[in-house]
Structure formats: C-alpha cells, structure tokens
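A look at the structure
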Amino acid sequence: CLDSILIQDYRRFEVICLDDCSTDTTTQIIEQYVRKDSHIHLVKNKTNQGPGLLRAQGLKMAQGDWILFCDNDDWYEHDVFWQLSKVIERNKNINIIEFRYYISQDKNNKKVADWLNRGQSGIKKVSEEDIMLATALWNKCYKKEFLIKNELYEKSGEIRSSCGEIPIVLTGFLLAKEFYYLDFIGYN
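Residues numbered from 1 in each chain as written. Predicted model: local features only at pLDDT ≥ 70, side-chain atom pairs only at ≥ 80, totals over all residues. Heavy atoms only, no water.

Some details on the nonpolar core
Membership of the largest hydrophobic core comes to 28 residues, with the highest contact counts inside it found for Leu2, Ile5, Val15, Val80, Leu84, Ile97 and Leu182. Looking at this core, the elements with two or more residues in it are helix H1 (2-6), strand S1 (15-19), helix H2 (26-36), helix H4 (80-90), strand S4 (96-106) and strand S8 (178-187). For Leu2, the residues in contact, after removing those within four places along its chain, are Val15, Cys17, Ile30, Tyr33 and Ile40. (Core = buried A, V, L, I, M, F, W, Y, C linked by side-chain atoms within 4.5 Å. Buried < 20%, exposed > 50% of the residue type's maximum accessible area, 1.4 Å probe, protein only. Helix = DSSP H or I, 4+ residues; strand = E, 2+ residues; numbered from the N terminus. Contact = heavy atoms within 4.5 Å.)

Brief notes about the packing of aromatic side chains
Tallied over the full model, the rule gives eight aromatic pairs. Chaining the aromatic ring pairs together yields one cluster made of Phe13, Tyr76, Phe81, Tyr101, Trp138 and Tyr187. It is Lys36 that lies over the ring of Tyr33; its NZ or CZ is 4.9 Å from the centre. (Phe/Tyr/Trp six-rings, centres within 6.5 Å; stacked < 30°, edge-to-face > 60°. Lys NZ or Arg CZ within 6 Å of the ring centre and 35° of its normal.)

Some words on the side chain of Lys144
Along the chain, the position of Lys144 falls in helix H6 (residues 144-149). Of the buried charged residues, Lys144 lacks a salt bridge, with Glu14 as the closest side chain of opposite charge at 6.5 Å. Only 2.3 Å separates the side chain of Lys144 from the backbone oxygen of Ala62, close enough to count as a polar contact. If we ignore the near neighbours within four places in the chain, the residues touching Lys144 are Leu59, Lys60, Ala62, Gln63, Gly64, Asp65, Trp66 and Ile67. (Lys, Arg positive; Asp, Glu negative; His and termini not counted. Salt bridge = Lys/Arg side-chain N within 4 Å of Asp/Glu carboxyl O. Polar contact = N/O pair within 3.5 Å; in protein donor to acceptor, adjacent residues only side chain to side chain.)

Structural notes on the pairing of strand S2 (residues 40-44)
Direction of pairing for S1 relative to S2: parallel, over a ladder of five bridges. Bridge assignment links Cys17 to a residue of S2, and that residue is Leu42. Once you follow S1 into H2 and on to S2, the crossover reads as right-handed. (Pairing = 2+ DSSP bridges. Right-handed = clockwise from strand over helix to strand, strands pointing away.)

Some thoughts on the pattern of salt bridges
Scanning the entire structure with this criterion turns up seven salt bridges. One salt bridge connects Arg55 with Glu165, and the closest N-O pair in it is separated by 3.3 Å. You can see Arg55 sitting in helix H3 (residues 51-61) and its partner Glu165 sitting in helix H7 (residues 165-176), a full 110 residues away along the chain. The class for Arg55 is buried, based on a relative accessible area of 14%.

Some details on empty space enclosed by the protein
Considering all chains together, one arrives at one cavity of 30 Å³ or more under this definition. Considering the residues around the largest cavity, the lining is formed by Arg55, Ala56, Leu59, Phe69, Leu137, Leu147, Leu152, Tyr153 and Ile168. With three residues, H3 is the largest single contributor of residues to the lining of the largest cavity. For the lining of the largest cavity, the residue count by class is eight nonpolar, no polar and one charged. (1 Å grid on protein atoms, 1.4 Å probe; cavity = no way out; pocket = protein on both sides within 12 Å on 5 of 7 lines; lining within 4 Å. Points joined across faces, edges and corners; volume = space filled by probe spheres on them. Nonpolar A, V, L, I, M, F, W, Y, C, P; charged D, E, K, R; others polar.)

Observations concerning the layout of surface pockets
Considered as a void within the structure, the largest pocket measures approximately 1,600 Å³ in volume. Lining the largest pocket are 46 residues, with Glu14, Val15, Ile16, Leu68 and Cys70 positioned closest to its centre. Counting residues per element, the ones that place at least two in the lining of the largest pocket are H1, S1, H2, H3, strand S3 (66-68), H4 and strand S7 (140-143). Here the residues of the lining of the largest pocket are counted per class, giving 26 nonpolar, nine polar and eleven charged.

Describing H2
For H2, the complete set of buried residues consists of Thr27, Ile30 and Tyr33. Buried residues of H2, viewed axially, fall in a sector of 120°; they line one side. Seen from the open side of H2, the exposed residues pointing more than 90 degrees away from its buried face are Arg35 and Lys36. Buried residues along H2 sit against H1, S1 and S2. (Arc of directions from axis to C-beta.)

Section: unusual backbone geometry
Phi at Cys21 is positive, roughly 65°, even though this residue is not glycine. Position of Cys21 among the secondary structure elements: in the loop between S1 and H2. We note that Lys177 has phi near 65°; this positive angle belongs to a residue other than glycine. Mapping Lys177 onto the fold places it in the loop between H7 and S8.

See the structure below:
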C-alpha cells in the first residue's frame, strides 16, 4: 500500500497512517517508512476506534486541500495522483472526483470493475444510477473543505464497520450535485 503511494510521480501529498491498536507488526513497518520518507506520518491510537472514526481523525489532521482514503490491504496504480491533479487544476468547483478500480488479489490477478464504467470522463450530474454504482470511499477524491463543511465523516463510534462509509458517499453525491468522473483505473 505505502509503496504504491511512494512511487507516484505527483509528489505533493502527505500520508497519515492511523494505527487502530494493531497487534501485529504494522506499527513497526510504518515506523520504518516514516524514517525513510517525510510524506508519511503515523498516529497510534490508545483505544480501538474502528474505521469510521479513524477516517474522521485523519481528515481533521490532513494539511492538504484534497483527501483520498486507502485501506491498508489495497494499493494505487502508478500515476493516479497525477491524473487527479490534472482534473483538480481544470475544475476548481468540483468537490468529488470518482475514478475506476480493479478487483485484485495481487498485481498479477486483476479484474476491472466494469460496473463503474460510466462511458466517458468529465463532469456528471448526480442521478440514482450514478449513486448506486459507487458506494466506497476509496475510489473517490474529496475536497477536504466540502467534507468538513457538510460534516461528511463519522462522529460517533456506533458504526464500526466499513459499511459506515455508504451514508457518507451517498450524502456527498447528493450535496455535490455534480461530480467529475475520471475514466482512469487508479485503485486496487
């Protein structure tokens, strides 16, 4: 996961790794990355909070204007940050950029998620079909200000699974009214 971020050509980013009381060697591995690269930051929680509250914690800590969420067992395709930066430069009023992804077991075993092929790139109006195709956080790039202004993050520990992201994504699309669909496969 971290290697896929560090090979990106676009280098204006920060990585906030939130350790939710892992019991394996995760912390030690991330600490090695922190020592090697100043883009990476590690925050160790004292109590387990679950993915939703972790995302909210990372969102509030982030220094950048745009946010990506990446799960620890996933990875980015090379050049996705550059592709996203081009969209951001040309579309100042967009709050959400959605991009395509692979369903992958490993780098040699990938299948394109065809249900997210919207046919063309560009600004899309939100419709019921658009919303139902993509309820994951990890194939979206969000304007930080938009997420915070609309409180699109988990505020309590009640939802403790990845399903907690669905209301955030659906509400985000509805509030955004338009989003940019980038016909680029950028996530695994």
